[in-house]
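# Overview (structure and organization)
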Amino acid sequence: MGEKTVTLAVVESILSKQIDDLEPTLTRHGYNIKSLSEQFNAKPAEIRSLFRGQLDPMRARELQEQMLAAGLPL
């Protein structure tokens, strides 16, 4: 009754392209930088670098393995 369908262009203009990136996914599950740094014995700057893809590959792999072992949705 007078309803208009939502077009793909409207959806793409509203939704973030990074919605499924690591930081938004963990945030939706209740994990923020502070809680992650405390849980995985990392500095907040390390977690931010991990989210940006700028962390040393060895350290990034180590943190991701710890997160997977803890059951985080990566």
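Residues numbered from 1 in each chain as written. Predicted model: local features only at pLDDT ≥ 70, side-chain atom pairs only at ≥ 80, totals over all residues. Heavy atoms only, no water.

### Side note on the pattern of salt bridges
For the structure shown, the criterion picks out 2 salt bridges. We note a salt bridge from R59 to E46, for which the minimum N-O separation is 2.8 Å. Of this pair, R59 sits in helix α5 (residues 57–69) while E46 sits in helix α4 (residues 44–52), and the two are 13 residues apart along the sequence. The exposure class of R59 is buried, given its relative accessible area of 16%. A salt bridge links E62 to R59, with the nearest nitrogen and oxygen atoms 2.8 Å apart. Pair noted here: E62 and R59 are both in helix α5, with a separation of 3 residues, about one helical turn. Among the ionic contacts, a cluster of salt bridges with common partners joins E46, R59 and E62. (Salt bridge = Lys/Arg side-chain N within 4 Å of Asp/Glu carboxyl O. Helix = DSSP H or I, 4+ residues; strand = E, 2+ residues; numbered from the N terminus. Buried < 20%, exposed > 50% of the residue type's maximum accessible area, 1.4 Å probe, protein only.)

### Quick look at α5
In this model α5 runs 18 Å from its N-terminal to its C-terminal C-alpha over 13 residues, within 8% of the 18 Å that 1.5 Å per residue would give. Burial in α5 covers these residues: R59, A60, L63 and M67. In a view along the axis of α5, the buried residues occupy a sector of 100°, so they form one face of it. Away from its buried face by more than 90 degrees, α5 exposes P57, M58, L68 and A69. (Expected span 1.5 Å × (residues − 1). Arc of directions from axis to C-beta.)

### Details of the packing of α4 against α5
It is the contact of α4 with α5, at a shortest axis distance of 11 Å, that shows an interaxial angle of 95°. Classified by the angle their axes make, α4 and α5 are roughly perpendicular. Across from E46, I47 and L50 in α4, the residues of α5 making contact are R59, A60, L63, Q64 and M67. Of the residues that constitute the contact of α4 with α5, the class distribution is 5 nonpolar, 1 polar and 2 charged. (Axes fitted to C-alpha atoms, helices over the stretch in contact; angles between N-to-C directions. Parallel < 35°, antiparallel > 145°, perpendicular 65-115°, else oblique. Contact = heavy atoms within 4.5 Å. Nonpolar A, V, L, I, M, F, W, Y, C, P; charged D, E, K, R; others polar.)

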